[in-house]
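# Structural overview
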Amino acid sequence: MNSKKGYKQALRELQIDLVTLQRHLIAHDLQILVLFEGRDAAGKDGTIKRIVEHLSPRETRVVALGKPSDRDSASWYFQRFVPHLPSCQEMVLFNRSWYNRAGVERVMGFCTDQEYRDFMDSVVPFETMLVRSGIQIIKYYLDIDKEEQKKRMKARRVDPLKQWKVSPVDEVAIKHWREYSVARNEMFAKSHSEMVPWYVVRANNKKTARLNVIRHLLTVVQCPECDRQAETPDPDIIFPYDGAHLLSGKIAP
């Protein structure tokens, strides 16, 4: 988006379409689950904020779970996520999800190799079960390059309004850049499916990423009442995962 005014205007139009989408969701008893993953500082918070900003809080929920409790750790891995799944007429957005096991937990050693393998074997059947129960799952991975992450991490440390975002895990994110890349690539390869694909969002430009995620969301939920032309996402910014993108550089190495 070339200007601040142009971005705000485009965002407003898309947010009006999101309100229309919510009416459609309620009228047709839809269940929408949107998962946001990505590196630290990739822009998940800001994107989610713009999606839910003008939606009804009764039918919209944002879920950002903290560190698992001892009880969570002793239970079936997916159990703590299940109570937060959408019921009819609801849209739920997960700011990080069960894919923590494939990313942060894998890289930082917060799970065992066997727990990781069990997750990878279970996640596609689990998501398939949810889809067959009537939940539409949309998975977004916000992708940024290493230099952009460094810049954003530095900004967090000096901005008093962003201090809450700084954590010990964030502090070593750049140090473990390569390990996170390997974990991400394995996650894509093993959990991208025809029924629940991954959509990669090139998010170095936050505003462009936000607009295109909303456009894409409006497209995949397929609300006939929305403005179809306004929803068209840029295929260079948001696209389904393909292993070829790792070789072409379309996904950050």
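We now turn to the structure provided with this report. (Residues numbered from 1 in each chain as written. Predicted model: local features only at pLDDT ≥ 70, side-chain atom pairs only at ≥ 80, totals over all residues. Heavy atoms only, no water.)

We now examine helix α8 (residues 177–191). Taking 1.5 Å as the rise per residue, α8 with 15 residues should run 21 Å; its terminal C-alpha atoms sit 21 Å apart, in good agreement. All of the buried residues in α8 are W177, Y180, S181, A183, R184, M187, F188 and S191. Across the axial projection of α8, the buried residues extend over an arc of 165°, all falling on one side. When the buried face of α8 is taken as reference, the exposed residues oriented beyond 90 degrees from it are R178 and A189. (Helix = DSSP H or I, 4+ residues; strand = E, 2+ residues; numbered from the N terminus. Expected span 1.5 Å × (residues − 1). Buried < 20%, exposed > 50% of the residue type's maximum accessible area, 1.4 Å probe, protein only. Arc of directions from axis to C-beta.)

Within the secondary structure, H216 is located in helix α9 (residues 206–221). On the basis of relative accessibility, which here comes to 8%, the residue H216 falls in the buried class. Sequence separation between H216 and I138 is 78 residues; the distance between their C-alpha atoms is 9.9 Å.

Here the focus is the nonpolar core. Counting residues in hydrophobic clusters, the biggest one holds 35 residues, and the most contacted among them are V34, F36, I51, M91, I138, Y140 and L217. Contributions of two or more residues to this core are made by α1 (4–27), β1 (31–38), α2 (44–52), β3 (90–95), β4 (135–143), β5 (198–202) and α9. With eight residues, the single largest contributor to this core is α9. V92, W98, W198 and I251 belong to the second-largest nonpolar core, a separate cluster that totals 30 residues. (Core = buried A, V, L, I, M, F, W, Y, C linked by side-chain atoms within 4.5 Å.)

Keep in mind these values describe shape, not function.
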